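The lines below spell out each chain.
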Amino acid sequence: MSRQRVNWPAISLIAPAVIVLLAIGIYPLLFALDISFRQYQLTKQYLGTGYVGFQNYVAVFNDPLFWQSLLRTAQFFLLTVPLQVVLGVLIALFIDGVRWRPLSFVMRVLLVVPIAVTPTVVGLIGRLLFNRDFGFMNYLLSLFNAPPVSWLGEPVPAMLTIALVDIWQWTPFVALVMISGLSMISQDVLESGQLEAGRGWNLFWHVQAPYLLPGLTAVLILRTADILKLFDMVFVLTRGGPGVSTELVSVYIQRVGFRVFDMGVASAQAILLLILCIVLSRGYIRLFYREIEA
Amino acid sequence: MSARSHAQRGRSRHTFTYFWQGVVAVILMAAFLMPVYWMISTALKTTTDTFAVPPVLIFQPTFEHFRAVYEEGTVAKSLVNSLIVATSATALSVLIGAPAAYVLARFNFRGKSDLWFWIISNRFISPIVVALPFFLIARDLRLLDTHLALVLVYLTFGVPLVVWLCVDQFRAVPREVDEAATVDGATIWQVFFRINLPLAMPGIVVSAILAFITAWNELMFALVLTRAEARTAPVEAANFMTGFGIRWGPMMATGTLIVLPVVLFALLVSRNLVRGLTMGAVK
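These numbers were taken from a predicted model, which means no experiment stands behind them.

1. Let's talk about the overall build of chain A
Then, in step 1: A tally of regular secondary structure across chain A gives 13 helices and 0 strands.
Then, in step 2: Starting at the N terminus, the α and β elements of chain A follow one another as α-α-α-α-α-α-α-α-α-α-α-α-α.
Then, in step 3: Against the 2.2 N^0.38 benchmark of 19 Å for 294 residues, chain A shows a C-alpha radius of gyration of 24 Å, more extended than a compact globule.
Then, in step 4: Overall, the C-alpha framework of chain A stretches about 75 × 75 × 30 Å when taken along its three principal axes.
Then, in step 5: Across the 294 residues of chain A, 42% fall into the buried class.

Structure follows, in structure tokens:
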């Protein structure tokens, strides 16, 4: 099509998206960047909002709580994602092997349910199931004569609780991604693979696993991005507590910004988080998305 | 071994496979659906039954919690707010995103892949990064506690979602259709609205449903940007956790009301949900 002449009608179709994303995507980020170099405490307005150079960033770098929250986020990732991948692959292999077609269809449809449940409500359900006195989890434990656990009252059980809830919600997602990987394998490839590699582990490792690789990489990086964003479920379930034991990075920044009301420092933290997100997402998009060709 | 007994053994082995696969399937589905069942059943239980140890599985259902929630009015109001905000954000996302997707799918220009990359990358930005400045901007513009502020901020994920899913959809429409129409004297606008939009409708509907679910479920922006008037349902639900004595019944009734519509929508697009969540990385 016309490369030389400016194609105004086409521009008019794409312009709204560009303008809107500039206004609500880029402008707020520049605003945050500006705030991050200012003194900006909402509860201490008398201090004014003058520039303070890199003072907020220095404060963030010297703030052990910020680094701990990042470390905790990494721990949370290690607690959840490997299990989600293993369970997800196992479930996918199972559903792929189900002989009765209607059953595998129903399972694939129902796996969607946990993914869609509002994370806030997931947090509320967690409060109910992990309640110390009448929760279902302690009832399960009592069936094995185990003493009740104060899931939300102590640091380590609280971390396990949010991890278990995350595993419940996102394992089905991993399973569905893996199922679509398995469905790419043609019957011919599978049959000749069975002749060479037999069944079981060998078949999985030599024939099926390569087809799961793109899905696996997608899952890893999407889960990374989502865990860096994770707020709703944790906020409702534990508020980052007890103490700061489940305060993941987004929960921490939200507290500094909207419960301590130090916008300057919170913005500096957010900018650092943004840089982390950009680095990771660049890697992600480079790795998986073929660019749009003509 | 005679042919007949061989067939018999084969059949019984099949029966056995069906059997154990059925058992595993039931256990798996029970594990994944139990929390949702627990929410709904707690919403329908009397308060005494809720606190029963061991938990009661068979009970006389009551609608008292739903009635209480309805009569108090704040939850109903928040659901209406959520509906207004999520619907407007979805409609605007499609209105803005679909034409952009069409241009990205059809035309070549300098910087196209950078533009596309930038639009998509909005998916990866942590909401807290946008929430801080958006709060201050909305406060200065006196937009706090309005539907408009939420609708605008929800476009940050709605538009990228629609653009990405629809680019694929528009590329599936054969180019020859466009060219034939252009030869007949149609403008780009006509080609887009009269020909491409109807043909891409299935993909647009899926992207709209996904945008709606995401907006409906969102908590952080709503928590930060609304107070009493424009408060959405997730914020209202989270509020049950503050104050003394948690009212489990009404809380779970509220949860049920929030979750029901999105779960139905998700079941409707279950085949495309994964593609949407991975932004097309997985077919």
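2. Quick notes on the overall build of chain B
Then, in step 1: When you go through chain B residue by residue, the secondary structure sums to 14 helices and 0 strands.
Then, in step 2: For 283 residues, the compact-globule formula gives about 19 Å, and the C-alpha radius of gyration of chain B, at 25 Å, lies well above that figure.
Then, in step 3: Expressed along its principal axes, the backbone C-alpha trace of chain B runs to roughly 80 × 70 × 30 Å.
Then, in step 4: The contacts of chain B with a sequence gap of at least 6 include a subset with a gap of at least 24, amounting to 79%.

3. Looking at the environment of Leu 132 of chain B
Then, in step 1: Among the structural elements, Leu 132 of chain B can be located in helix α6 (residues 127–140).
Then, in step 2: In this structure Leu 132 of chain B comes out as buried when scored by C-beta crowding, with 29 C-beta atoms within 10 Å.
Then, in step 3: Residues Leu 132 of chain B and Leu 225 of chain B lie 93 residues apart in sequence; the distance between their C-alpha atoms is 9.9 Å.
Then, in step 4: The residues touching Leu 132 of chain B, leaving out its near neighbours within four places in the chain, are Ala 32, Gly 257, Met 263, Ala 266, Ser 267 and Ala 270 of chain A.

4. A word on the domain arrangement of chain B
Residues and elements named next belong to chain B.
Then, in step 1: The assigned domain composition of chain B is domain 1 (3–62) and domain 2 (65–277).
Then, in step 2: Look at where the C-alpha atoms of domain 1 and domain 2 centre, and you get two points 35 Å apart.
Then, in step 3: Tallying the contact residues gives 7 residues for domain 1 and 8 residues for domain 2.
Then, in step 4: When its residues are assigned to classes, the side of domain 1 that touches domain 2 shows 3 nonpolar, 3 polar and 1 charged.

5. A word on the interface of chain A and chain B
Then, in step 1: Of the residues lining the interface, 79 residues belong to chain A; the matching set on chain B comes to 86 residues.
Then, in step 2: At 15 residues, helix α1 (residues 8–35) of chain A tops the list of elements feeding residues into the side of chain A that touches chain B.
Then, in step 3: A per-class count over the side of chain A that touches chain B returns 63 nonpolar, 11 polar and 5 charged.

6. Looking at helix α14 (residues 270–277) of chain B
Then, in step 1: When we look at burial in α14 of chain B, the residues that qualify are Leu 273, Val 274, Arg 275 and Leu 277 of chain B.
Then, in step 2: Here the buried face of α14 of chain B lies against α5 (112–116) and α8 (155–182) of chain A together with α13 (248–268) of chain B.

7. A few points about the packing of helix α4 (residues 74–106) of chain B against helix α7 (residues 147–171) of chain B
Then, in step 1: Between α4 of chain B and α7 of chain B, the least distance of the axes is 6 Å, while the angle of their chain directions is 40°. For α4 of chain B against α7 of chain B, the interelement crossing comes out right-handed.

8. Some remarks on the nonpolar core
Nonpolar side chains tend toward joint burial in soluble globular proteins.
All names here are of chain B.
Then, in step 1: Within the largest apolar cluster, 166 residues are counted, with the highest numbers of intra-cluster contacts made by Ala 101 and Val 163.
Then, in step 2: With 17 residues, the single largest contributor to this core is α7.
Then, in step 3: Both domains that meet at this core, namely domain 1 (3–62) and domain 2 (65–277), each give it at least three residues.
Then, in step 4: In this structure Ala 101 touches Val 162, Val 163, Cys 166, Val 167 and Phe 170, once residues within four positions along its chain are discounted.

9. A few points about unusual backbone geometry
All names here are of chain A.
Then, in step 1: Cis peptide bonds are those with omega within 30 degrees of zero, and the linkage from Gly 241 to Pro 242 qualifies with 0°.
Then, in step 2: Along the chain, the position of Pro 242 falls in the loop between α11 (232–237) and α12 (249–258).
Then, in step 3: Even without being glycine, Asn 145 reaches a positive phi, approximately 60°.
Then, in step 4: Within the secondary structure, Asn 145 is located in the loop between α7 (136–143) and α8.

10. Observations regarding helix α6 (residues 119–129) of chain A
Then, in step 1: Along α6 of chain A, 11 of the 11 residues are buried, which leaves the element largely enclosed by surrounding structure.
Then, in step 2: Looking at α6 of chain A, one finds that the buried residues are Pro 119, Thr 120, Val 121, Val 122, Gly 123, Leu 124, Ile 125, Gly 126, Arg 127, Leu 128 and Leu 129 of chain A.

11. Examining the confidence of the model for chain B
Then, in step 1: Summing up the model confidence of chain B, the mean pLDDT is 88 and the portion of residues at 70 or higher is 94%.
Then, in step 2: On the interface metric, ipTM, the complex scores 0.89, and its pTM is 0.90.

12. Things to note about the environment of Leu 42 of chain A
Residue and element names in this part refer to chain A.
Then, in step 1: Looking at where Leu 42 falls in the secondary structure, it is placed in the loop between α1 and α2 (55–61).
Then, in step 2: With 15 C-beta atoms packed within 10 Å, Leu 42 lands in the partly exposed category.
Then, in step 3: Leu 42 sits 216 residues away from Phe 258 along the chain, and the two C-alpha atoms are 9.1 Å apart.
Then, in step 4: Aside from chain neighbours lying at most four places away, what touches Leu 42 is Phe 261 and Met 263.

Procedures and definitions
Residues numbered from 1 in each chain as written. Chains lettered and ligands numbered in written order. Predicted model: local features only at pLDDT ≥ 70, side-chain atom pairs only at ≥ 80, totals over all residues. Helix = DSSP H or I, 4+ residues; strand = E, 2+ residues; numbered from the N terminus. Rg over C-alpha atoms; globule rule 2.2 N^0.38 Å. Buried ≥ 20, exposed ≤ 12 C-beta atoms within 10 Å, placed from the backbone. Contact = placed C-beta atoms within 7 Å. Domains from an automatic or database assignment. Nonpolar A, V, L, I, M, F, W, Y, C, P; charged D, E, K, R; others polar. Axes fitted to C-alpha atoms, helices over the stretch in contact; angles between N-to-C directions. Left-handed = near helix turned anticlockwise from the far one by under 90°. Core = buried A, V, L, I, M, F, W, Y, C linked by C-beta atoms within 7 Å. pLDDT = per-residue confidence, 0-100.

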